[in-house]
Amino acid sequence: MKRILFLIPPYFNAEDYLSEAKKVVLPAFTVPYGVLSLEAYLVENVTGPTEIDICDLNISLNTLVYDRSSENYQEVFEQVVLKYLQKAPQFVCISALFSSSAQYIQGLVAACKRYDPAILTLAGGGLPSADSLRILQLCPELDAICKGEGERPLLDLIEAENPVDVLERHISWITRRGAAAGKIPQHLFLEDLDTVPFFNYDKIDLNFYNNRSINKKNRGEARREMSIHTSRGCPFNCVFCSNPSLHGHRVRAMSVSRVIADVQRMKDRFGMTDLLIEDDHFFHNMDRAKTILKELSRLDIRIEFPNGVAVYAINDEIAGLLSSAGVSVVALAVESGSEYVLNTIIKKPLITRRIRPAIDSLRRHNVGVHVFIVVGLPGEKDVHRQETVDMLLENDFDWVHMYLAVPIVGSRLYDICIENGYIDSSEAKNYVVSKSVIRTPDIDPVILEQFAYETQLRVNFVHNSNMRHGRYDTAQQYLQNVCEKYPGHAFGHHYLSVCLARKGDQVLAEHHSRQAGEIFAADPFWRDLRDKFITPQQSAIS
């Protein structure tokens, strides 16, 4: 019997969410799609009986946060892992996507080695794949790291009579000995994505991965969110993106028939109501994308694109197909309102004048519009950030998602920051989109964080687009979501009270006005923001 354990360390810094002072809400979890792909591929192809377990420690962190536990979270994680180690796995595979997960890897592999030194401890995913030498150095009890996609390399390893030998000679595996000898691991891509069998979702509890939707129109309804990656690879080279270092620039895609069969199975067997299409570039082949959307329109489900949609792909035809397929909200991957930043820094082929026609097409087909914005890139100046603010205020977005640039290992941004000494904090726990770790002559991390936070207050609350256009029902949905998720959000309560008053619901409006007033009175942070933004004129929404 070949036994394999997949461990997924938390994506987040536990201390940020377990602090009694902060009481920060833990973000929604992502289904471990890559691990499910590996599990399905191995079960289908490994010779002889195989037992595979998946342990996602984000769930353990969620329990600690929900219970407001004061326990040592590292010890809790190790106790959870110990239960799986009692099944005596020969291989423990740690899947880590982001730099913020680095702090957990050594503790996990050390726990495995203490239990049984013969266990082969392995790591893969975006972080170890792109930063293998540093991770091997930081984690002395980690045996090897896989470069890029893991289906074929992991199968070769598990099928081998001498796995240790495979780790040294295989093109996609890197060990300390190989690194010392100058070995550079290579990709071994899976060419035909249809060869990955249907996923065994019984390996995870889908209830823990059910809150990523950006659509607030169906708040309160029963839902089952499930994800699909219908392709791998992206031809673009956006400065902040590391995905090409994992999946390459050449796009490989599932067949349309396989996509539809997968989605049909999700709906019929697992009760999926909301499909999250998570391709890096779904519209790389417009004919294929149109065919998939036409086929999905027959399934009576809701669809979203969490990674955003390319602006250039949106026209009236595509907007109509999106609407018919069950897409009620689209997030446009705009990233910046400055063409200098887009074309010179990000290297994104987007002309800002295309944004408004895309929004208009989506609105004509009753599709809401979000936008993703990234600020804090080296070379970006105050004038460029102001251009972004102007673009946000000029256009009709339902919601603006402001992110601070994170130098993800494997991205061009990371290389630029390392070469120029721009990284202000080397602590992995700070590598999240709500914190700035980049310092340049034009970027002060503290000032930038304040700018990002205040900008999203301006565009989402003070100058709320739905309020300005009289779409009060839609505005209410978004603002209620803020108040429910963040009960201490003074602007959420204040502007919800304004919205409700506009609708004629004076009783509830007064309730939220009192809530806002209590927060303003008790918290100088919110009081300062009120004095800065909420003038009598702004209270009426300008």
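Remember, it's a predicted structure, so these values are computed and weren't measured experimentally.

Explain the side chain of S411 here, please?
Along the chain, S411 falls in the loop between β14 (399-404) and α18 (412-420). Judged by its relative accessible area of 1%, S411 falls in the buried class. Contacts of S411, omitting those with residues within four sequence positions, involve V239, F240, C241 and S242.

Which parts of the structure should I look at to understand a negative patch on the surface?
Negative charge collects at one region of the surface, where E339, E387, D390 and E394 lie side by side. Summarising the element assignment, E387 is placed in helix α17 (residues 382-394).

What's the story with the nonpolar core in this structure? I'm lost.
Soluble globular proteins tend to bury their nonpolar side chains together. In terms of nonpolar packing, the biggest core is built from 144 residues, with F6, L154, L275, L296, L322, L332 and F397 touching the most fellow members. For this core, the element with the highest residue contribution is helix α2 (residues 33-45), accounting for seven residues.

Sorry if this is basic, but what is going on with the environment of P378 here?
With respect to the element layout, P378 can be found in the loop between β13 (368-375) and α17. Along the backbone, P378 and N420 are 42 residues apart, and their C-alpha atoms lie at a distance of 9.8 Å. Contacts of P378, omitting those with residues within four sequence positions, involve I345, L413, I416, C417, Y422, I438, T440 and I443.

Looking at this structure, I do not really get unusual backbone geometry. What am I missing?
With the exception of glycine, the majority of residues adopt a negative phi angle, and the majority of peptide bonds are in the trans configuration. With a phi close to 55 degrees, D300 is a non-glycine residue in the positive phi region. In this structure, D300 sits in the loop between α13 (286-296) and β11 (302-304). Even without glycine at this site, E335 takes up a positive phi of about 75 degrees. With respect to the helices and strands, the residue E335 is situated in strand β12 (residues 329-335). On the basis of relative accessibility, which here comes to 8%, the residue E335 falls in the buried class.

What's the story with the pattern of salt bridges in this structure? I'm lost.
Between side chains of opposite charge, pairing is possible as soon as their charged atoms come close. What the rule picks out here adds up to 32 salt bridges. Among the salt bridges present, the one from R232 reaches E149, with a minimum N-O distance of 3.1 Å. With R232 in strand β8 (residues 231-232) and E149 in the loop between β5 (144-146) and α8 (151-159), the pair connects residues that are 83 residues apart, well separated along the chain. With a relative accessible area of 12%, R232 lands in the buried category. Among the salt bridges present, the one from D274 reaches R223, with a minimum N-O distance of 2.7 Å. Separated by 51 residues along the polypeptide, D274 in strand β10 (residues 274-277) and R223 in the loop between α10 (176-180) and β7 (225-228) bring together distant segments of the chain. Among the residues examined, R223 registers a relative accessible area of 18% and is labelled buried. Overlapping salt bridges bring together R3, E51, D53 and K87 as one network.

Calculation notes
Residues numbered from 1 in each chain as written. Predicted model: local features only at pLDDT ≥ 70, side-chain atom pairs only at ≥ 80, totals over all residues. Heavy atoms only, no water. Helix = DSSP H or I, 4+ residues; strand = E, 2+ residues; numbered from the N terminus. Buried < 20%, exposed > 50% of the residue type's maximum accessible area, 1.4 Å probe, protein only. Contact = heavy atoms within 4.5 Å. Patch = residues over 30% accessible without salt bridge, like charges linked within 9 Å, V, L, I, M, F, W, Y side chains within 5 Å. Areas by Shrake-Rupley, 256 points an atom, 1.4 Å probe, with all protein chains shown as cover. Salt bridge = Lys/Arg side-chain N within 4 Å of Asp/Glu carboxyl O. Lys, Arg positive; Asp, Glu negative; His and termini not counted. Charge placed at Lys NZ, Arg CZ, Asp CG, Glu CD. Core = buried A, V, L, I, M, F, W, Y, C linked by side-chain atoms within 4.5 Å.

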